Amino acid sequence: MNAISRIRVLGLRMALRLLNFPKPFSFVGPDSALSLCREIAGRGVKRLMLITDGPLFKLGIVNPILEALQKTGVTVEVFSEIEPDPSCELVLKGVERLKSCKAEAVLAVGGGSSIDGAKSIVLCHANDCHPLKLVGLWLGKIRKKGLPLYAIPTTAGTGSEVTIVAVISDKQAQIKYSIIDPKLVPSMVALDPKLMVGLPPYVTAPTGMDALTHAVEAYISTLATDETDELALAATANIVHSLPHAYSNGTDLEVRERMAIASCMAGLAFTRAGVGYVHAIAHQLGGLYHVPHGLANAIVLPYVLDFSAPYCTHRLADLARAGGIGESGASDGELASDFIARIRKMNSAMQFPETIKELKQEDFDKIIDRAFAEAHGSYGVPRYLSRGDATALLEKLMTK
């Protein structure tokens, strides 16, 4: 990384320490989603747009939420067209629906794509602009916040319900972009494990590893603070212990609640400390090949940690200790290796592949260019990849 990028990271570190990150009021526990609905009505909202995805809506998961809102006199317009990695076109379609229904507030129900889509729709609606006009880190720029936004996550993974980030896709260019602004944070959220008990293992696993990646990358980030360290360590410990149980027994409400809280804590950690090369590479795999984000993170994570370990050994050892991984009295180096080994073991137990079958060598330059453009000067990574390092890492990710 060049000197200009290093200066940008230093400047970002100073700006982040000064910035006041909003934290939404959170309802937690079984039926907390219904408590949030009553609070929304209590705030005088009469017309609301509920944003979710088609499969979730068809499964009837949002029905109790709709009924709770309607019982309190709230008229609800449902926009159930959210797709994975919401596109600019989809966001603009949502903006038009929001204009036509004259809603006074927006409620996002679903996984990261539904919440990111809702966040983008609200901000584009408020500022009457194309989503690509909002891409990037907007610190201190004057923009309208928009309608009150509430969120109910139905997966324990993205942490989008508490972050200042919304990820959107330019499908034609095959690129994922991030809108980054404190105005994206919802006013209130509900972490309701009842909405997560029906998640199948193939959804539970990658979303859980997405949350773990957030916690790990936040903890080893050079932008980390005492507050983000506490959140990341707690989230890591929770996920290491709870995710295998949630994967094998998804009906356990207590485990689902612990995962929901851990995902939220990881989201709070990375929204201030940032992420790293795992996300920078995973975003390109998603944009180019439509590899699900959580799966891409899970596969890429141990390879990036192998590379970074010599420069953050003690931090990885801290994560191992928090998760009860490794032998008592083991050295930092041994614990760091044990932690990376545990991630590989979890991936294997949840039947993740070790490589990305879609990955093509002819795309290496494009992936590296875009990953470096995303990470360098923005992410506080402990060790910088050279072009040769990145190429070697991608070769390991290729299916032989």
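Located above this text is the structure these notes cover.
Residues numbered from 1 in each chain as written. Predicted model: local features only at pLDDT ≥ 70, side-chain atom pairs only at ≥ 80, totals over all residues. Heavy atoms only, no water.

A. Main features of the overall build of the chain. Summing up its helical and strand segments, the chain has 15 helices and nine strands in all. In terms of overall size, the chain behaves like a compact globule, its C-alpha atoms giving a radius of gyration of 20 Å where 400 residues would be expected to give roughly 21 Å. Each principal axis of the C-alpha distribution contributes one length, and for the chain these read about 60 × 45 × 40 Å. When burial is assessed residue by residue, the chain has 58% of its 400 residues classed as buried. When contacts within the chain are restricted to residue pairs at least 6 apart in sequence, long-range pairs at least 24 apart make up 79% of them. (Helix = DSSP H or I, 4+ residues; strand = E, 2+ residues; numbered from the N terminus. Rg over C-alpha atoms; globule rule 2.2 N^0.38 Å. Buried < 20%, exposed > 50% of the residue type's maximum accessible area, 1.4 Å probe, protein only. Contact = heavy atoms within 4.5 Å.)

B. Examining the packing of aromatic side chains more closely. Counted under the stated rule, the structure contains two aromatic pairs. Arranged with centres 5.1 Å apart and planes meeting at 80 degrees, the rings of F25 and F27 form a pair that is edge-to-face. Note on F27: relative accessible area 17%, which makes it buried. Judged by centre distance (6.4 Å) and plane angle (50 degrees), the rings of Y277 and F372 are tilted. Pair noted here: Y277 is in helix 10 (residues 277–289) and F372 is in helix 14 (residues 364–375), with a separation of 95 residues, a long-range link. Cation over ring: R315 sits above Y219, and NZ or CZ is 3.8 Å from the ring centre. (Phe/Tyr/Trp six-rings, centres within 6.5 Å; stacked < 30°, edge-to-face > 60°. Lys NZ or Arg CZ within 6 Å of the ring centre and 35° of its normal.)

C. Just the sheet that holds strand 8 (residues 175–180), in detail. Sheet architecture is open: three strands sit in the order 5-8-7, paired in mixed fashion. Looking along the sheet, the strands with just one partner apiece sit at the ends: strand 5 (136–137) and strand 7 (165–170). Strand direction decides the pairing type here: strand 7 and strand 8, joined by six bridges, are antiparallel. Bridging from a neighbouring strand, I168 pairs with Y177 of strand 8. (Pairing = 2+ DSSP bridges.)

D. Region of the structure containing helix 4 (residues 63–71). Among the residues of helix 4, those classed as buried are I65, L66, A68 and L69. Along helix 4, the residues classed as buried sweep out an arc of 165 degrees about the axis, all on the same side. Looking at the buried positions of helix 4, the neighbouring elements they touch are helix 2 (32–42), strand 2 (47–53), helix 3 (54–58), strand 3 (75–82), strand 4 (105–110) and strand 6 (149–153). Among the residues trailing helix 4, G73 stands out with phi positive, at a value near 90 degrees. (Arc of directions from axis to C-beta.)

E. The state of the cysteines, seen in detail. Taken as a whole, this structure holds zero disulfides when the rule is applied. Here C129 is not disulfide-linked; the sulfur of C124 is the nearest cysteine sulfur, at 4.7 Å. (Disulfide = S-S within 2.5 Å.)

F. The arrangement of the side chain of T155 in detail. Along the chain, the position of T155 falls in the loop between strand 6 and strand 7. Excluding its chain neighbours within four sequence positions, the residues that come into contact with T155 are G110, G111, G112, M196, L199, V203 and T207.

G. Structural view of the packing of helix 5 (residues 88–101) against helix 6 (residues 112–127). At their nearest, the axes of helix 5 and helix 6 sit 9 Å apart, and the two run at 65 degrees to each other. Both helix 5 and helix 6 take part in a crossing whose hand is right-handed. Between helix 5, through V91, G94, V95, L98 and K99, and helix 6, the contact on the second element is made entirely by S120, I121, C124 and H125. Residue classes in the contact of helix 5 with helix 6 are distributed as five nonpolar, three polar and one charged. (Axes fitted to C-alpha atoms, helices over the stretch in contact; angles between N-to-C directions. Left-handed = near helix turned anticlockwise from the far one by under 90°. Nonpolar A, V, L, I, M, F, W, Y, C, P; charged D, E, K, R; others polar.)

H. Representation of the packing of helix 12 (residues 313–322) against helix 13 (residues 332–349). In the contact formed by helix 12 and helix 13, the axes pass within 7 Å of each other and the chain directions differ by 65 degrees. In this structure, the crossing between helix 12 and helix 13 has a hand that is left-handed. Residues T313, H314, L316, A317, L319, A320 and R321 of helix 12 form the contact with helix 13, whose own contacting residues are D332, G333, L335, A336, F339 and I340.

I. Structural view of the sheet that holds strand 6. If you walk across this open sheet you meet the six strands as 1-9-6-4-2-3, and the pairing is parallel. Both outer strands of the open sheet, strand 1 (25–28) and strand 3, are each paired with one neighbouring strand and no more. This sheet shows a mean twist of 20 degrees between the axes of neighbouring strands, independent of strand direction. Two strands pair when backbone bridges link them, and strand 4 and strand 6 are joined in this way by five bridges, in the parallel orientation. Its bridge partner being in strand 6, G110 is matched across the sheet by P153. Along the sheet, helix 2 makes contact with strand 1, strand 2, strand 4, strand 6 and strand 9 (188–191), crossing strand 9 at roughly 160 degrees. Against the sheet, helix 6 contacts strand 2, strand 3, strand 4 and strand 6, and its axis sits at roughly 160 degrees relative to strand 4.

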